[in-house]
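Chain and residue survey
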Amino acid sequence: MVPILWYTHYRSSLNYFYIMSETKTDPTNFLSSVIGSTIVVKLHNGVEYKGDLQSIDGYMNVVLRSAKEYVEDFESKSFGDVFIRGNNGMYTIL
């Protein structure tokens, strides 16, 4: 599988998406096509959530199903569904 990284550029409201190159692409269309895949979302505070992508919107708000929370690489909690507001995410790994 190709490593995929999404991040928010802090000086603008634009989201950028890179797939093994430095070509800028709108991430929403691609991420909508991988709904059901397991992803990891890392927040600005360092906490990571790993779960199955259930939904995503244009603001990069993400809903994960069967999500687990990781703090300092240790699983701290398990959730049924998790909603992550887009501006809290630092990056997403597929």
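Residues numbered from 1 in each chain as written. Predicted model: local features only at pLDDT ≥ 70, side-chain atom pairs only at ≥ 80, totals over all residues. Heavy atoms only, no water.

1. Focus on the environment of N61
Within the secondary structure, N61 is located in the loop between β4 (48-56) and β5 (62-71). Residues N61 and I84, spaced 23 residues apart in sequence, show a C-alpha to C-alpha distance of 5.7 Å. Sequence-distant contacts of N61, defined by excluding residues within four places in its chain, comprise S55, I56, F83, I84, R85 and G86. (Helix = DSSP H or I, 4+ residues; strand = E, 2+ residues; numbered from the N terminus. Contact = heavy atoms within 4.5 Å.)

2. With respect to the packing of aromatic side chains
In the structure shown here, the tally under the stated rule is one aromatic pair. Consider the rings of Y49 and F79, whose centres lie 6.4 Å apart with planes at 45°: the pair is tilted. You can see Y49 sitting in strand β4 and its partner F79 sitting in the loop between β6 (74-78) and β7 (81-84), a full 30 residues away along the chain. (Phe/Tyr/Trp six-rings, centres within 6.5 Å; stacked < 30°, edge-to-face > 60°.)

3. Re unusual backbone geometry
Positive phi outside glycine occurs at M60, with the angle close to 65°. Checked against the element boundaries, M60 lands in the loop between β4 and β5. The exposure class assigned to M60 is buried, which follows from its relative accessible area of 3%. Even without glycine at this site, E72 takes up a positive phi of about 55°. Take E72: it is sitting in the loop between β5 and β6. (Buried < 20%, exposed > 50% of the residue type's maximum accessible area, 1.4 Å probe, protein only.)

4. Overview of the side chain of E69
Within the element layout of this structure, E69 appears in strand β5. Within the structure, E69 has its side chain in polar contact with the side chain of Y49 (distance 2.5 Å). Beyond its immediate stretch of four places on either side in the chain, E69 contacts V47, E48, Y49, F74, E75, S76, K77 and F79. (Polar contact = N/O pair within 3.5 Å; in protein donor to acceptor, adjacent residues only side chain to side chain.)

5. With respect to the pairing of β6
In this sheet, β6 lies alongside β5 in antiparallel orientation, the contact comprising four bridges. Note on β6: the bridge partner recorded for V71 is F74. In sequence, β5 turns back onto β6 through a hairpin of two residues, with E72 there showing a positive phi of about 55°. (Pairing = 2+ DSSP bridges.)

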